[in-house]
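For reference, the chains in residue letters:
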Amino acid sequence: MEYGCKHKVVLITGGTSGIGLTAARTFWQDGANVFLVGRDRTRGMQALAEIIGCKDPESLVFPGRPEAMHTFSAADGMKKEGCAAWKSTVPGTAKDLARLRYICADVTKPADCRIPAAIAGYYGSDRIDILVNSAGIYQEKRIEQVTVAEYNRIMDVNVKGTLFMIQACRPYMLSRGETETGASQKAGNGSAADATDSSTHATDSTHTTDSTTQATGSTTQKLTAPDTANERNSRS
């Protein structure tokens with residue numbers, strides 16, 4: 001199935017696992033230029049191998065020292081001779097592999113967020129079409145057991161990280177020629193295609209709220225306010 005994402009520039013936080021990894025694979029297979037953002041370079045290499053369908057990730061040989069590199073593509077891992085995956089298991093051409101890139105960054109730090117935005121913007125000719133904020137912490141714990149440090153960490157990643165990444169990517173998303181006002185008007189007019197392709201859709205506050213609520217799990221659920229209308233009806 002095609003989703004119309006060919007040549008789109010897609011930046012995905014939390015792209016080395018879970019929903020982010022699945023989204024990255026889907027976008028890449030649809031022809032998009034995909035940039036995964038994560039803190040762990042080893043997991044980044046493993047994610048690239050998994051997305052391209054390499055059955056033996058250990059056969060990927062990245063040049064230099066990936067642990068000291070801010071970014072590398074799937075094609076970088078296939079340059080050295082003797083890579084068993086090159087001819088037998090990896091689909092696509094070197095050009096296809098170059099469309100998939102990992103960027104090391106910590107979304108809780110505003111300065112770090114500017115790095116993937118700049119790299120994606122560079123490879124995307126100064127534009128980013130889609131931002132997927134998938135980085136998040138999910139913690140199942142009784143509310144009375146949550147520590148201040150744990151709460152702060154959840155807020156740093158799930159809330160602040162989302163905000164910081166939106167701020168960093170915003171100039172590259174607006175550079176496509178779409179104004180914020182114009183994008184909002186398109187979404188308001190009910191055009192699904194236009195709303196999906198607008199920069200404001202990537203920063204939709206409803207989706208951000210839903211992500212935060214889901215990420216905080218049972219802790220958030222225990223803080224849900226009662227339905228005051230139902231309470232009044234039951235008392236009358």
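Once that is clear, we can look at unusual backbone geometry. Even without glycine at this site, histidine 7 takes up a positive phi of about 75°. Taking relative accessible area as the criterion, histidine 7 reaches 53% and is therefore assigned exposed. Positive phi, normally seen in glycine, also occurs at serine 125, with a value near 55°. Looking at where serine 125 falls in the secondary structure, it is placed in the loop between α5 (110–123) and β5 (130–133).

This paragraph deals with the pattern of salt bridges. By the definition in use, this model includes six salt bridges. Taking the shortest distance from any N to any O, the salt bridge between glutamate 50 and arginine 25 comes out at 3.2 Å. Within this pair, whereas glutamate 50 is found in helix α2 (residues 41–51), its partner arginine 25 is found in helix α1 (residues 18–29), the two being separated by 25 residues in sequence. For glutamate 50, a relative accessible area of 44% corresponds to the partly exposed category. Aspartate 96 serves as the salt-bridge partner of arginine 99, at 3.5 Å between the closest nitrogen and oxygen.

Turning to the confidence of the model for the chain, a few remarks are in order. Summarising the model, the chain shows a mean pLDDT of 74, and 61% of its residues fall at 70 or more. When mean pLDDT is taken per element in the chain, strand β1 (residues 9–13) scores highest with 97 and helix α11 (residues 218–221) scores lowest with 36. Segment residues 179–236: pLDDT under 50, and 46 contacts once partners within four positions in sequence are set aside and those in other chains are kept.

A few words now on the nonpolar core. Counting 25 residues, the largest nonpolar core has Phe27, Val34, Leu36 and Leu100 as the members making the most contacts within it. At the level of secondary structure, the elements contributing two or more residues to this core comprise β1, α1, β2 (33–38), α2 and β4 (100–104). Counting residues per element, this core draws most heavily on α1, at five residues. With near-sequence residues (within four places) excluded, phenylalanine 27 lies in contact with Cys5, Val10, Ile12, Ala32, Val34, Ile130 and Val132.

Attention shifts here to the pairing of β2. Walk down a regular strand and you will see the side chains alternate between the two sheet faces. Counting buried positions along β2 yields five of six residues, so the element is predominantly enclosed. What joins β1 to β2 is α1, and the crossover it makes is right-handed. Where β2 lies against β4, five bridges are found, and the strand directions are parallel. Bridge pairing links leucine 36 to tyrosine 102 in β4.

The subject of this paragraph is α2. Taken residue by residue, α2 has Gly44, Ala47, Leu48, Ala49 and Ile51 as its buried positions. Buried residues along α2 sit against α1, β2, β3 (71–73) and β4. At the N-terminal boundary of α2, the capping side chain belongs to aspartate 40, with an oxygen 2.9 Å from the backbone nitrogen of threonine 42. Positive backbone phi, approximately 85°, marks glycine 53, located one or two places after α2.

Bringing the sheet that holds β5 into the picture now. Spatially, the five strands line up as an open sheet ordered β3-β4-β2-β1-β5, and their pairing is mixed. The sheet is open, and its two edges are formed by β3 and β5, each paired on a single side. Within the sheet, the average angular offset between the axes of one strand and its neighbour, ignoring direction, is 20°. Packing of α1 onto the sheet brings it into contact with β1, β2, β4 and β5, and relative to β1 it is tilted by some 170°. Strands in contact with α5 are β1, β2, β3 and β4; relative to β4, the strand with the most contacts, it is inclined by about 155°.

Once that is clear, we can look at the packing of α5 against helix α6 (residues 148–174). Running from N to C, α5 and α6 point in directions that differ by 30°, and their axes come no closer than 8 Å. In terms of their interaxial angle, α5 and α6 are classed as roughly parallel. As for how α5 packs across α6, the hand of that crossing is right-handed. Only Phe164, Met165, Ala168, Cys169 and Tyr172 of α6 make contact with α5, whose side of the interface consists of Pro110, Cys113, Arg114, Pro116, Ala117, Ala118 and Gly121. Looking at the contact of α5 with α6, its residues break down into 10 nonpolar, one polar and one charged.

Turning our attention to empty space enclosed by the protein. Applying the stated rule across the entire model yields one cavity of 30 Å³ or more. By volume, the largest cavity amounts to about 30 Å³. Thr13, Val107, Asn133, Ala135, Val157, Gly161, Thr162 and Met165 are the residues that line the largest cavity. At four residues, α6 tops the list of elements feeding residues into the lining of the largest cavity. For the lining of the largest cavity, the per-class residue count stands at four nonpolar, four polar and no charged.

The rules behind these values
Residues numbered from 1 in each chain as written. Predicted model: local features only at pLDDT ≥ 70, side-chain atom pairs only at ≥ 80, totals over all residues. Heavy atoms only, no water. Buried < 20%, exposed > 50% of the residue type's maximum accessible area, 1.4 Å probe, protein only. Helix = DSSP H or I, 4+ residues; strand = E, 2+ residues; numbered from the N terminus. Salt bridge = Lys/Arg side-chain N within 4 Å of Asp/Glu carboxyl O. pLDDT = per-residue confidence, 0-100. Contact = heavy atoms within 4.5 Å. Core = buried A, V, L, I, M, F, W, Y, C linked by side-chain atoms within 4.5 Å. Right-handed = clockwise from strand over helix to strand, strands pointing away. Pairing = 2+ DSSP bridges. Polar contact = N/O pair within 3.5 Å; in protein donor to acceptor, adjacent residues only side chain to side chain. Axes fitted to C-alpha atoms, helices over the stretch in contact; angles between N-to-C directions. Parallel < 35°, antiparallel > 145°, perpendicular 65-115°, else oblique. Left-handed = near helix turned anticlockwise from the far one by under 90°. Nonpolar A, V, L, I, M, F, W, Y, C, P; charged D, E, K, R; others polar. 1 Å grid on protein atoms, 1.4 Å probe; cavity = no way out; pocket = protein on both sides within 12 Å on 5 of 7 lines; lining within 4 Å. Points joined across faces, edges and corners; volume = space filled by probe spheres on them.

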